[in-house]
Structures are given as C-alpha cells and as structure tokens.
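One letter stands for each residue in the lines below.
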Amino acid sequence: MEETKKISLFDNAVKQFDRAAHIMELDRNIREVLIKPKRELTVNFPVCMDDGTVKVFTGYRVQHNVSRGPAKGGIRYHPNVNLDEVRALAFWMTWKSAVVDIPYGGAKGGVTVDPLKLSDSELEKLSRRFFSEIQIIIGEEKDIPAPDVNTDGQIMAWWMDTYSMNIGHTTLGIVTGKPLEIGGSEGRTEATGRGVNICIQEAVKYLRDKGKLNKKDEEITVAIQGFGNVGSYLALTLTEETDYKLVAISDYSGGFYKESGFTAEEIRRLMERTRGRKALLLDVNEEGYKEITNEDVITLDVDVLSPCALENVITEDNADQVKAKMIVEGANGPLTPEADDILLSKNVFIVPDFLANAGGVTVSYFEWVQGLQWNFWELEDIRKALHKKMKNAFCDVAKTVEKYEVDMRTAAYIRAIERVANATKLRGIYP
Ligand code: NAD
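Residues numbered from 1 in each chain as written. Predicted model: local features only at pLDDT ≥ 70, side-chain atom pairs only at ≥ 80, totals over all residues. Heavy atoms only, no water.

Description of the site of the ligand
No. 1: Around the ligand, 24 residues are found, and the nearest of them are D148, T192, N229, Y252 and N332.
No. 2: One nitrogen or oxygen atom from the side chain of T192 is found 2.7 Å from an oxygen atom belonging to the ligand.
No. 3: Here an oxygen atom of the ligand sits 2.8 Å away from a polar atom, N or O, in the side chain of N332.
No. 4: The fraction of the free accessible surface of the ligand (830 Å²) that becomes covered by protein chains is 90%. (Near = heavy atom within 4 Å. Polar contact = N/O pair within 3.5 Å; in protein donor to acceptor, adjacent residues only side chain to side chain. Areas by Shrake-Rupley, 256 points an atom, 1.4 Å probe, with all protein chains shown as cover.)

Written out as structure tokens, the structure reads:
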C-alpha cells in the first residue's frame, strides 16, 4: 500500500492522455482545456460520533469536463482518498462517458474515511452531511453522483433523500445506483461487472480473429482481483454466461484458487456471505479451495487477469512477473504507465479501465433517463441496451487500434478525445 501513496494518479492519467494527444496531433489550445479540471471543491465537515465527540472529515467533488453533458461520477469512502486521486478519477470519467458515447462529462468525489470503523448511524450522518456540503455544485442537470468503492445503494438512498429534503421535493435524477424501491434501475448493481465480462468476451473474439488466440472457451482461464461490486458481478456473469474457467478470486483479505474453476452457484454463495462487508473472502473458506495471496493472483499463469480492486496494483515492480495474456481492467487505474509499457512489450492485450468498466456509467445513464421521466424499463431491455453500447464501444476502439497502429488504451483515448474536442470546438470558448 506504500506504493499507492507515492504515485500521482493524476500525473499518470495525463501521461496516458498525452500519448494519445501526440499521436492524433491534438491542438495545443484544446489540450490545455481538456486536461484541467473545470471545478474542484474541498469540504471539511463535522460529524457527531456515537460517543459524543465531534470529528471533522474531509471530502472532495471534482468536475473535470462538462462539454458533452452534465458531470457524472461516483463517490468513494476510503482512508487513502485525496484530491490528486479524485482529480484523476474525474478525468477518467470524462473519457469513459465519451468512449461509450453517452451524453455526460466527468466528475468524481470522495471522503477520506475508513467506513468499516463507523457505526451505521455515524455512516448515515457522515453521508447526509457530506452530500449537503457538496449540494452547492451538484444537481440532476449539473452533476450526478453514483456509488464507488465502499458506497452502496443504501448510501445512494440517503444522498437522494438528503438532497430531496433540502430542496423540498423528491429528485430521482440527483444520484444513480439507488435501490429499486426508490427510483433505481434494474440491472444497475451488476452493470459494471457485466460490462467487464462483455469486454472479456469481445477481447477473446478479437484475438481469435487476429489468430493470436487458439483456445476453446472452456480452456480459457480467468483470475479476478477484488470481490466487491465489480469483481463479484464479473465473477457471477462470467460463470453464469460463459464457458471460461474462473480459477482465482481475491479480496482485501487474500484469495482462493480452484483449478477446476468456480461454479456460478459457488460465486452466488460467496457473494451472499460477504455482502455488506459481513465477512471477507477468507472468513468463508470452503473445502477444495487453495488459499493464495493477492500478489499470487496478479502473477498467476492465466489467460485473462481482471484487476477489480484499487489503483496502482501492477507497477514496474511486479509487471515483469505478470503471466496473463490479457488484462481487462475492472478497477480504475490498476496499471501505472510504466507497468503498461512493460506489459505491452510482452504483447499483453490490455483493455483499459475507462472502456472495460464503462458498464456502470452506461446503466447509470439509463437510470437517470428513467428517473427524469418517472418511467421504468424491464431488466432484459437494459441488459440488451448495455450489451449493444459495450460491444459498439469495444469494436470502435478496436478499429481505432488498426487505424493508428496503437494499443487499446491509446486508441480508447483517441476516440474519447475526438468526441470531447469536437464538442468543445463546436461550443466555442465562452465568451
Ligand atoms: P467495492 O468497495 O465494492 O469492492 C472493492 C473490492 O476490492 C473489495 O472486495 C475489497 O476487499 C477489494 N480490495 C481492496 N483493497 C484490496 C487489495 N489491496 N487487494 C485486493 N483486493 C482489495 O468497490 P467496487 O465498486 O467494486 O470498485 C472497485 C474498482 O472498480 C474501483 O477502482 C472503482 O473505482 C472501480 N469502478 C467501480 C464501479 C462501480 O459501479 N462500482 C464502476 C466503475 C469503476
């Protein structure tokens, strides 16, 4: 975890951007506009703790770009949250919305806190007060928050209620990722993991077409790091809907290896038992599982590795040991640019985060549209629409790979930057 603190995530993100900007010969004036966040808000706010003491917490909301639509992005609760990290995550949200072509800009937020150390009532008080503090810049047509690390449907419900109480009427469009009972969307909880799964399947097809993969589905092995919202739903949809063999899963506590592959039934059981942080994976060890460490998961000899936990997990220190032939990034920023270079030189096929994990923001967009209209869609229609968006985005980026002879990450940036740059040029620089 020491590594995480030393690396500036925003500098890394700008390095990735600049690689693409150079290749597409992006106008320098437009580059200036596109890299800088539009607005950054830091709030320090008090919360009355259960023991009667008052604790002051710090939180952030960064709006990176709004030229294609309202700012959009999740809010995380984590002890390592800082402005640099939130800025980088907001930056990636702009490219994520653009690469899947949904009419949003990019934003992100966070509170520096370990939520596992709070009681339920402290968590609720912190959530409501933080949301009131950032209310001066958010709004259903301005900036729409969503879940991220350690924030879930219950917290979305508190945020929506807080905003609605403050302005005097129920406002469904203010956050996405809400529970179904209060304006949530079918298919939102699973959407990010499902989207990563669609990208894995598209990557397999793409590499087969190129003659770079000669394995049947049932011979393809997969390892997933992280068993939260993204990792667990990736594990579930993968085991339910494909014949690939999911051989390793892990979370903060460590992980399990199962040579014959986990079944969907096993994944469902593990999800049930770890839901709501009741237990970590290692607390629910089952017979036949071999315990492995988080480092082992990263360096396993598998076809597909999907890091779905936190950023900077593959760096120049361990990239050389990675044996996977494909990396599909469920988490945001799991690879540093140095790791990217090492892996690309080993011909690893990398599907970048802001394409691979765009399923969440895509169904968030569907939820927002439904909420604005107070008119709700069926699960099957949402899954179909998500599949179409993800597949189109993957194929569009793959075509850009051919056109510019670049890697998938650079190609995804080129497509996303083209869209945001065109919107910026069309709108012009005010005044
Ligand atoms: P989560 O809080 O639900 O789960 C995080 C998981 O990572 C947990 O299983 C945790 O135990 C594990 N983890 C934490 N530190 C770890 C470590 N050092 N080693 C191994 N595992 C570790 O979070 P989430 O919503 O699943 O988000 C995970 C990542 O996906 C983040 O980078 C987030 O920004 C990104 N993401 C999430 C969404 C979404 O819709 N939730 C959408 C896009 C991107």
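Describing the pattern of salt bridges
No. 1: By the definition in use, this model includes 38 salt bridges.
No. 2: Of the charged contacts in the structure, one is a salt bridge between E380 and R383, with a shortest N-O distance of 3.6 Å. One end of the pair, E380, and the other, R383, are both in helix α14 (residues 379-404), 3 residues apart, so they sit about a helical turn from each other.
No. 3: Residues joined by salt bridges that share partners form a network here, namely R68, D101, D396, R415, E418 and R419. (Salt bridge = Lys/Arg side-chain N within 4 Å of Asp/Glu carboxyl O. Helix = DSSP H or I, 4+ residues; strand = E, 2+ residues; numbered from the N terminus.)

Notes on unusual backbone geometry
No. 1: The peptide bond linking Y430 to P431 adopts the cis configuration, its omega dihedral lying at 10°.
No. 2: You can see P431 is positioned in the segment after α15 (408-427).
No. 3: A positive phi angle is found at E25, which is not glycine, with a value near 55°.
No. 4: Among the secondary structure elements, E25 is positioned in the loop between α2 (9-23) and α3 (28-35).
No. 5: Backbone geometry places W374, a non-glycine residue, at a positive phi of 50°.
No. 6: Within the secondary structure, W374 is located in the loop between α13 (359-373) and α14.

Regarding the packing of aromatic side chains
No. 1: On inspection of all chains with the given rule, the structure shows 19 aromatic pairs.
No. 2: Centre to centre, the rings of F17 and W95 are 5.4 Å apart; their planes meet at 45°, and the pair counts as tilted. With F17 in helix α2 and W95 in helix α4 (residues 83-99), the pair connects residues that are 78 residues apart, well separated along the chain. The same class applies to F17 as to W95, namely buried.
No. 3: Each ring, one from Y104 and one from W368, has its centre 5.2 Å from the other, and the planes form 55°; the classification is tilted. In this pair, Y104 is assigned in the loop between α4 and β4 (106-112) and W368 in helix α13, connecting sequence segments 264 residues apart. Neither residue differs from the other here; Y104 and W368 are each classed as buried. (Phe/Tyr/Trp six-rings, centres within 6.5 Å; stacked < 30°, edge-to-face > 60°. Buried < 20%, exposed > 50% of the residue type's maximum accessible area, 1.4 Å probe, protein only.)

Considerations on a positive patch on the surface
No. 1: A contiguous patch of positive charge on the surface is contributed by K38, R39, K142 and R427.
No. 2: Summarising the element assignment, R427 is placed in helix α15.
No. 3: Here R427 falls in the exposed class, since its relative accessible area comes to 61%. (Patch = residues over 30% accessible without salt bridge, like charges linked within 9 Å, V, L, I, M, F, W, Y side chains within 5 Å. Lys, Arg positive; Asp, Glu negative; His and termini not counted. Charge placed at Lys NZ, Arg CZ, Asp CG, Glu CD.)

Let's talk about helix α6 (residues 153-167)
No. 1: Over its 15 residues, α6 runs 21 Å from end to end, which matches the ideal 21 Å to within 8%, given 1.5 Å per residue.
No. 2: Along α6, the positions that sit buried rather than exposed are I155, M156, A157, W158, W159, M160, T162, Y163 and S164.
No. 3: Residues of α6 that are buried in the fold lie against β3 (71-78), α5 (120-134) and β5 (143-147). (Expected span 1.5 Å × (residues − 1). Contact = heavy atoms within 4.5 Å.)

Describing the nonpolar core
No. 1: F17, F91, W95 and F394 are the most contacted members of the largest nonpolar core, which totals 89 residues.
No. 2: Membership of the second largest hydrophobic core comes to 27 residues, among which are F45, I75, Y77 and I134. (Core = buried A, V, L, I, M, F, W, Y, C linked by side-chain atoms within 4.5 Å.)

Digging into the sheet that holds strand β7 (residues 245-251)
No. 1: Sheet architecture is open: 7 strands sit in the order β9-β8-β7-β6-β10-β11-β12, paired in mixed fashion. Sheet topology places β9 (290-292) and β12 (349-351) at the edges, where each strand pairs with a single neighbour. For this sheet, the mean inter-axis angle between neighbouring strands, taken without regard to orientation, is 20°.
No. 2: Across 4 bridges, β7 lies against strand β8 (residues 254-257) in antiparallel orientation. Of the residues in β8, the one forming a bridge with I249 is F256. (Pairing = 2+ DSSP bridges. Axes fitted to C-alpha atoms, helices over the stretch in contact; angles between N-to-C directions.)

Focus on the environment of V230
No. 1: Residue position: V230 is located in helix α8 (residues 229-241).
No. 2: Given the relative accessible area of 18%, V230 is considered buried.
No. 3: As for V230 and M93, which are separated by 137 residues in sequence, their C-alpha atoms are 16 Å apart.
No. 4: The contacts of V230, once residues within four sequence positions are left out, are T192, G193, V196, C308 and G330.

Some words on the packing of α13 against α14
No. 1: Running from amino to carboxyl end, α13 crosses α14 at an angle of 130°, the nearest separation of the two axes being 10 Å. Between α13 and α14, the crossing angle belongs to the class labelled oblique. As for how α13 packs across α14, the hand of that crossing is right-handed. Every residue of α14 that contacts α13 at G359, T362, V363, F366 and Q370 is listed here: I382, A385, L386, K389 and M390. (Parallel < 35°, antiparallel > 145°, perpendicular 65-115°, else oblique. Left-handed = near helix turned anticlockwise from the far one by under 90°.)

A look at the packing of helix α7 (residues 188-209) against α14
No. 1: In contact at an axis separation of 10 Å, α7 and α14 are set at 45° when each is read in the N-to-C sense. Here α7 lies oblique to α14, going by the angle between them. In the crossing of α7 with α14, the sense of the turn from one axis to the other is right-handed. Contact residues: E190, A191, R194, G195, I198, C199, E202, A203, K205 and Y206 in α7; L379, R383, L386, H387, M390, K391, F394, C395, A398, V401 and E402 in α14.

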